[in-house]
Amino acid sequence: MLSFVLSRLGSLALSLVVASLVIFAVVQIIPGDPATFMMGLNATPASVETLRKALGLTGSLPVRYLHWVGGMLSGDLGTSYTYRVPVAGLVLQRLQVSLPLTLFALFLSLALALPAGILAAARRGRGADLTVMGFTQLGIAVPNFWFAMLLALLFALKLHWLPAGGFPGWKAGVLPVLRSLTLPAIALALPQAAILARVMRSSLIDTLGQDFIRTARAKGLSSGQAVRRHAVRNALIPVLTILGLQFSFLLAGGIIIENVFYLPGLGRLIFQGITQRDLIVVQSVVMLLVAAVIVVNFVVEIAYALIDPRLRRQA
Amino acid sequence: MTLLSVRDLQLSIHRAPILHGLDFDIRAGEVFGLVGESGSGKSMTALALMQLLPYGGTSTGRAAMGGENLLALSERRMCALRGREIGMIFQEPMTALNPVKTIGDQVAETLMIHGAASRRAALEVARERLDRVGLFEERFPLDRFPHELSGGQRQRVCIAMAVALRPKLLIADEPTTALDVTTQAQILDLLKGLVEEEDMALMLITHDLAVVAGMADHVAVMQAGRIVEAGPTEALFRTRAHDYTRRLFAASDHAPARQVTRTEKPLLEVAGAERAYTLPRTRPFGPQSHFRAVKGVSFTLHEGESLGLVGESGCGKSTLARAILGLDVLQGGTIRLGGEAVRAGHHMHRTMRAKMQAVFQDPYGSFNPRWTVARLVAEPLHLLHEPPADPAARVASALEEVGLVPADARKYIHEFSGGQRQRIAIARALILRPRLIVLDEAVSALDVRVRAQVLDLLAELQSRHGLAYLFISHDLAVVRAITDRVLVMQAGEIVEEGETGRVFDAPAHAYTKTLVAASPRLPPDWREDDAARQTVV
C-alpha cells in the first residue's frame, strides 16, 4: 500500500509540473503580449512597458516560469492588476466561501444520492425505483439556478427561515455562515445528487448480478444483507469517480449560484478576472483549480485502493 | 435414509416452463449425480431447491427435507436453512468470492450470519475449515484476498464456506468445469473426502459423464427439463436404457473416423520461441522481474498433420498460439510458415496471414453481433490480393462445407446455437483455403453431442482439403480423438512430444503421467455391454 501511495504521489507531482507548464504557456506566450492585451488598444507604449515590468514579463521564458512557480510555492501569486492587492489574499478570501460551499454541497449530494441509489437498485423495477428514477430525471433536467430561485423565494422571502443571499464572513460565527450557505448548497447539490444516485443505482445493479452475491445468498444472507455486506462497497468505485469530478466542478463551477445568492466565491473572482483582463488573477486561479483537480484525483485513487485490494498493487 | 425427496418439481420463468415434474431422492451421506447438457435444467433444479431463482421464476411441487417442504417455506426460513442445512458451490470460482473481503471474513461470515459464533470464534472455525480444504495457515492466512489465489484455491475457499456449518446437503453445480484436470482431480477428491467424513450428502451437477461415473452413487440424466433416466450409477451406465443416455455416452468419448493426410513436408517450423512478460515492480525502484511464458519452444508441424498441444492454464499454450498467428511478437527464436518467417505486427504480409486462420473457444464472444453471417464469414477475404469475383458464392460454399445452408448468410449471429456458431467460425477460417488452422480450445465450450459433431466436421474437412491443425486443448480425450501427434507443455516448455496414442497410453514424463492420471475417464468395461446388446438386437 505504501509503495502504491508513493507512486501515486510521484505522478501527482509530475501532473502538477505539466499543468503549470501548460498554463504558463497558454497565458503568457500564446495570446501575444499580455501587457498589451490587458491595457487595451489606447495604451501608450510607456505604460505598456511599465506593466510588462510589473508583470515580470521582461526576462527570458525559463526565468519567468521559474519566478512564477517559485512565487506560487512561497505563497506569492503576484499582485492583481485591477484590485491592486496580492492575489494570494484575494484567492484565500474567496476560498473561505467556495471551499465550505463545495464540501457542504458534496455532503448533501452524497447524503441524498447513496440511500436513493441503493434503494432504487435493491427494489429495481418496483415503486421505489420508479420514484427515485423520476426524481433524478427531474433533478438532471431542471437548471440549478431555477432551483436556486425557487429555494430563495420559498425559504427566504416567504418563510424567512434562511437569508436570501450574501455572506456574513467567518467572523460572524459558524452558524450564520452555515445559514447563508444552506440554500446555495442545496441548489448546487440537487443536480449532482441526481447524477450520483443514477450512478450508484446502475453500479449496484451490476454488482448485484455478480456471482459473489449469489454465493452470499447461498450462505444464508437475506437479499438486504447481501446488498449491505457485499454489494455496496463493490459498487462504490464508479460513484467515487463521479464524486471526484463533481468536487472540481463545484469548486469553481458554481458561478451562477454564487451570483443568485450574491456570494463572493472563486467562480465570481475568475469571471471578474476574465472580464477585466486581469491575467494575473486568471492565471493563479486556474492553476489553483487545476491543482485542486489533481489533488482530488489523487485522493480518489487512494480511496479506490482502500475500497478494492486488487488496486493496491497496480503501482 | 432419505434426506431430500423431490416430487413433481415444476418450474417456469416468466411463464415459460423450464422443469416438467422432476422426481428424485437423495439419501443421507450419498453422492447424487445430476447429468445433462447445457440448458437441460440442471442448475435451475438446484436453484429451485435453494429458492434462489432468477427474477420471474416460480416453482411448484414438493421438496421434502427434515419434515419441511423447501418450495413452500418463507424467505426468512429459507435464509436460516441456506448455509446451515444446505450449502452450495458454483462453477466459476474466479468470480464467486467477494473481491474486497478477506477469505477469513468470508468463511467466518457463514457462521456469523447464522448466529452460530462470535466473530472471534467464527474466525477460529474458518481457520480450521480452511485447513480442512487444504489451505494451510503458512501460505493462506485468513487475511488473504481472493485475487491472491488461483482458481482451484478459490474453489477450496468456496467449499470451506459452504461446509463451515456442516450442512446435511452440499449442492455442487459444475464445481470443476472451470478448472484444470489436475486441480479438478484434487477438488473431486476433497469433495469425496468431505462426504465420507462429515456424513454429508452431495448433489453433484455436471455435464461430464466421466466425472459423475467416478463420484456418484446414484445418477439422474436430465434432458430438456425432464429426468429421462435415474438409478445406481454403474447399473445405469452399463444398461443405458434410455436412448438419450446412450447418445450422451457415445458422444462423450467420440472419436471421428480420420484419414491420414499427414505428409513429411514441414509447414510450420517453430525454433527456440521465447516470450516473457514484464511483471509490475513489487516495490518502488525495485528490480524489474519477468515472467517467461514460453521458454525456448521448438517443434515442426507438417502439411496435413493434426498436432495437439496440451497443458494446464497458464502453461503458455495461448501465448504460443498468438505468436504463431503473428498476433504477438517473440523475443527470441523464429517461426516459419511454409518457409517464410512469421513476424508480428505490420511486417506480416497479408498473404502470410491468409495461409493460417484461427478458431477460438468462445462461440458467443468471437463475433460482431451487428454483422450478418455473410459479412462475418467474408471478412478474411480482404487478405486476398484480388477480391474474389463472387464473394457471396464463396460464403455460400463455406457455409455448406460446415453443414449450414447458404440462406444462413442473411441471419445474425444471435440466431444460432453455440455449436452452429462454432461451425460459422470454422467457415470463416476456411473461406481463404488456409494451409493451417489454429484451434484454441475450439470445442471446449460445447456440449458432448455437439462437440462430437464438430469433431466429425473437422476430421472430414481435414481429409477433404489436406488441412493442418494445431489443436490446443486442456481436454486429453478430445486431443486423442483428433490429433496424430501431441506436444505436452508445462510452465512454458515442451516436456513430451510424440504420437498421440503412444504419449497418452505410455507417458514418459512425470507431468504427462500426472495429466493422464488426473483425466476422468469412463471405466472401459462399462461399455462392453454395448457390443453384447448390439449383437442381440
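Reading the values: rules and limits
Residues numbered from 1 in each chain as written. Chains lettered and ligands numbered in written order. Predicted model: local features only at pLDDT ≥ 70, side-chain atom pairs only at ≥ 80, totals over all residues. Heavy atoms only, no water. Pairing = 2+ DSSP bridges. Helix = DSSP H or I, 4+ residues; strand = E, 2+ residues; numbered from the N terminus. Axes fitted to C-alpha atoms, helices over the stretch in contact; angles between N-to-C directions. Contact = heavy atoms within 4.5 Å. Buried < 20%, exposed > 50% of the residue type's maximum accessible area, 1.4 Å probe, protein only. Expected span 1.5 Å × (residues − 1). Patch = residues over 30% accessible without salt bridge, like charges linked within 9 Å, V, L, I, M, F, W, Y side chains within 5 Å. Areas by Shrake-Rupley, 256 points an atom, 1.4 Å probe, with all protein chains shown as cover. Salt bridge = Lys/Arg side-chain N within 4 Å of Asp/Glu carboxyl O.

Note: strands within a sheet are paired through backbone hydrogen bonds, in either parallel or antiparallel orientation. Residue and element names in this part refer to chain B. A sheet is described by the order of its strands in space; here six strands give the open sequence 6-7-8-3-9-10, paired in mixed fashion. Two strands lie at the open edges of the sheet, namely strand 6 (86-89) and strand 10 (226-232), each paired on one side alone. Shown here is a sheet whose adjacent strand axes are inclined to one another by a mean of 15°, direction ignored. By the bridge criterion, six bridges tie strand 9 (residues 218-223) to strand 10 in an arrangement that is antiparallel. Residue Val-219 lies in a different strand from strand 10, and its bridge partner there is Gly-231. Of the strands in this sheet, strand 9 and strand 10 are in contact with helix 9 (residues 243-252), which crosses strand 9 at around 95°.

Extensive coverage of helix 1 (residues 42-50) of chain B is indicated by the burial of seven of its nine residues. The positive-phi residue at the C-terminal boundary of helix 1 of chain B is Gln51(B), with phi of around 55°.

All names here are of chain B. Its 18 residues give helix 6 (residues 181-198) an end-to-end C-alpha distance of 26 Å, which sits within 8% of 26 Å, the value for a rise of 1.5 Å per residue. Taken as a whole, helix 6 has its buried residues at Val-181, Thr-182, Thr-183, Gln-184, Ile-187, Leu-188, Leu-190, Leu-191, Gly-193, Leu-194, Val-195 and Glu-198. At the C-terminal side of helix 6, Asp-199 shows a positive phi close to 55°.

Residues and elements named next belong to chain A. Together, Phe-145, Trp-146, Met-149, Leu-150, Leu-153, Leu-157, Ile-256 and Val-260 line one region of the surface with nonpolar side chains, adding up to about 710 Å² of accessible area. For the nonpolar patch, the secondary structure elements donating two or more residues are helix 7 (144-158) and helix 11 (255-260). With six residues, the top contributor of residues to the nonpolar patch is helix 7. Along the chain, Ile-256 turns up in helix 11.

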